[in-house]
Every structure is written in C-alpha cells, then in structure tokens.
Amino acid sequence: MTRIDPKQLPAHVAIIMDGNGRWAKRKGLSRIHGHQRGADTVRKIVTFSREIGIRFLTLYAFSEENWKRPAHEVKALMKLLNRFLKAELEEMQENGIRLKTIGRVAKLPKSTRQILLDTVEQTSSNTGMTLTLALSYGGRQEIVDAIRKITGQIRENKISPDQIDEELVSNSLYTSGMPDPDLLIRTSGEYRVSNFLLWQISYCEIFITQTLWPDFGEDDFREALLDYQKRERRFGAA
Ligand code: FPP
C-alpha cells in the first residue's frame, strides 16, 4: 500500500460533507438519522486528521442556504451540533484541538451560539489542529461582510482605497489568519462548490468521492491525501 508522505501533507483540508440525506434514504431511514451518522463521521475524521498531522481542518456544517430546510431538520441539526460540542470538549482539550467558527454565527439559536462561543474560548490556546466549523456560512456573504468591513475602515479614515490589496481582503475574511485550503474534498459525487470558501479555494486541489458522508472513513481520506500528493501544484507558474 502506498504510504502518505508526512512531509507532503496539505496544511489545510476543507470538506463539503454531503450525502447524509441520500444515505438515510437508501437505508429507509429519516434524514435526521442520516445527520446523526454524519456527526459520527465528523468525530472520526477530526480524530484521524489530528493523528496524521493535518494543521487546519474546515468542515461545511451548515450553509446559509440550509436555513431553507424544514424547521424540524434545522432544529435537529442544531441539537446535533450542541451535543457534539458538549461531548467533544474534553477530547479537544486532551488533543490540543482549537475550535473556530466561520459564518454568520449570530443567526444561530442562542443555546448553540453560547456553547459554540464557550468552546471556542476554552480551546483558544490549544496549539494542535485548528478545527473550523462553517456555520450559517456562505462564501458570497463572507465577501460582502469583508467589503463592509473594508469600506467601514475607509469611512473612518483608517485606510485609503489604494491600500486595498489581496492581503487586506484575505485578512478581512472570516478565515483571517488561516492559510488557504490546499485540498477540498466533497463527498457524494456532486461537482459543485456550493458557495464554500470562494475566495480561499483559488489554487486549491479538489477531490470528489462518490462515498456518502456517513460512509466516509479513514480509507477514503487516505485516498484523497494520496491523490493530492500525486498532483503537481504550480500556482499558475509554468
Ligand atoms: C449534507 O447532507 C450535510 C449537511 C446539510 C450538514 C452536515 C451536518 C453533519 C455532518 C452533522 C452535524 C455536524 C456536526 C459538526 C456535528 P444532505 O442532507 O445535504 O444530504 P443529501 O444531499 O443527500 O440530501
């Protein structure tokens, strides 16, 4: 079996976790059941990522568009998230995992927001892997929020328009301070970006697997990493 080269690991892996609903449908179970199994996969993949030495793992857990889902499904997803955060805090502390969130978190229910902020604060000095949950997240909304931030600074005479460059824009995004993703994985076979990290994925390698998120395991992750290591990244150069 080909080995993963630890020197050539992507520093930042981002994942679009798709297929919970289809997984459940195939098994004759409810969508909520699919999300529960999806949350189990999150636990496994977080542990595995940390063990192999990924520095940044970013998961698309709830998009801006996901608010359009039936209220009971949204509620169930928030409940799962609350449960996940409560159950994993100890594990995160033991393994040096720092939690971050990106998105319009203010839109989340109060209880979720509270647990989220507590967990972010309690894990803030951990120096192992950074786990970022994208919640109420949309890439276009993120760019809009960055523009608002920058124009606000211009209005307050803190910067002038000619100081706007790529670095300033990057630093005004929710992901400020994080490296751009090197590898984007999407499960369940769709060839779409779905409004995820639009600015940040400019030079990202993309790996799409047919595996549905609840079935995604270490072997699938290894396959994605091996595939990534075979690619020649030129960042536009010859
Ligand atoms: C896509 O499946 C997945 C989501 C909308 C949310 C992802 C949520 C989880 C993995 C569970 C909870 C998360 C955490 C962090 C504990 P889908 O419903 O769009 O699947 P489908 O396209 O097959 O219908």
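Conventions and cut-offs
- Residues numbered from 1 in each chain as written.
- Predicted model: local features only at pLDDT ≥ 70, side-chain atom pairs only at ≥ 80, totals over all residues.
- Heavy atoms only, no water.
- Near = heavy atom within 4 Å.
- Polar contact = N/O pair within 3.5 Å; in protein donor to acceptor, adjacent residues only side chain to side chain.
- Areas by Shrake-Rupley, 256 points an atom, 1.4 Å probe, with all protein chains shown as cover.
- Helix = DSSP H or I, 4+ residues; strand = E, 2+ residues; numbered from the N terminus.
- Nonpolar A, V, L, I, M, F, W, Y, C, P; charged D, E, K, R; others polar.
- Pairing = 2+ DSSP bridges.
- Axes fitted to C-alpha atoms, helices over the stretch in contact; angles between N-to-C directions.
- Contact = heavy atoms within 4.5 Å.
- Core = buried A, V, L, I, M, F, W, Y, C linked by side-chain atoms within 4.5 Å.
- Buried < 20%, exposed > 50% of the residue type's maximum accessible area, 1.4 Å probe, protein only.
- Lys, Arg positive; Asp, Glu negative; His and termini not counted.
- Salt bridge = Lys/Arg side-chain N within 4 Å of Asp/Glu carboxyl O.
- Phe/Tyr/Trp six-rings, centres within 6.5 Å; stacked < 30°, edge-to-face > 60°.

Undergrad: I would appreciate a short explanation of the site of the ligand in the present structure.
TA: Residues in close proximity to the ligand total 17 residues, the closest being Asp18, Gly21, Arg22, Arg31 and Arg69. Arginine 22 places a polar main-chain atom, nitrogen or oxygen, 2.7 Å from an oxygen atom of the ligand. At a separation of 2.7 Å, an oxygen atom of the ligand approaches a polar side-chain atom of arginine 31. Within the complex, the protein chains bury 92% of what would otherwise be the 610 Å² of accessible surface of the ligand. Listing elements by their share of the shell around the ligand, those giving two or more residues are helix 1 (20–26), helix 2 (31–52) and helix 3 (71–94). Looking at which element gives the most residues to the shell around the ligand, the answer is helix 2, with five residues. For the shell around the ligand, the per-class residue count stands at seven nonpolar, six polar and four charged.

Undergrad: It is not clear to me how the sheet that holds strand 1 (residues 12–16) should be interpreted in this structure. Could you clarify?
TA: The strands making up a sheet are joined through hydrogen bonds of the backbone, oriented either antiparallel or parallel. The parallel open sheet is built from six strands, whose spatial order is 3-4-2-1-5-6. If you trace the sheet from one side to the other, it starts and ends with strand 3 (98–102) and strand 6 (205–208), each paired once. Within the sheet, the average angular offset between the axes of one strand and its neighbour, ignoring direction, is 20°. Here strand 1 pairs with strand 5 (residues 183–186) via four bridges, running parallel. The residue of strand 5 that forms the bridge with alanine 14 is leucine 184. Contacting strand 1, strand 2 (56–63) and strand 4 (130–137), helix 2 crosses the sheet at an angle of about 165° to strand 2.

Undergrad: What is the right way to look at the nonpolar core in this model?
TA: The tendency in soluble globular proteins is for nonpolar side chains to be buried as a group. Ile15, Leu57, Leu59, Leu85, Leu131 and Ile185 are the most contacted members of the largest nonpolar core, which totals 39 residues. When residues of this core are traced back to their parent elements, those giving at least two are strand 1, helix 2, strand 2, helix 3, helix 4 (110–122), strand 4, strand 5 and helix 7 (218–230). If one sorts the elements of this core by residue count, helix 3 sits on top with seven residues. In contact with leucine 59, other than residues within four places in its own chain, are Ile15, Met17, Val42, Val46, Leu131, Thr132, Leu133, Ala134 and Phe196.

Undergrad: Help me understand the side chain of aspartate 220, please; the structure alone is not making it clear to me.
TA: With respect to the helices and strands, aspartate 220 occurs in helix 7. An unpaired buried charge is present at aspartate 220: no salt bridge exists, and lysine 44, the closest side chain of opposite charge, is 9.4 Å distant. In this structure the side chain of aspartate 220 is engaged in a polar contact, spanning 2.9 Å, whose partner is the side chain of threonine 211. Sequence-distant contacts of aspartate 220, that is, excluding residues within four places in its chain, are made with Phe207, Thr209, Thr211 and Asp215.

Undergrad: Where do I start with the packing of aromatic side chains in this structure?
TA: Each aromatic ring pair is summarised here by two numbers: the centre-to-centre distance and the angle between the ring planes. Summed over all chains, the structure comprises nine aromatic pairs. Ring geometry for tyrosine 60 versus phenylalanine 196: centroids 4.2 Å apart, planes at 10°, classification stacked. Of this pair, tyrosine 60 sits in strand 2 while phenylalanine 196 is found in the loop between strand 5 and strand 6, placing the two residues 136 residues apart along the sequence. Residue class for tyrosine 60 comes out buried when judged on its relative accessible area of 8%.

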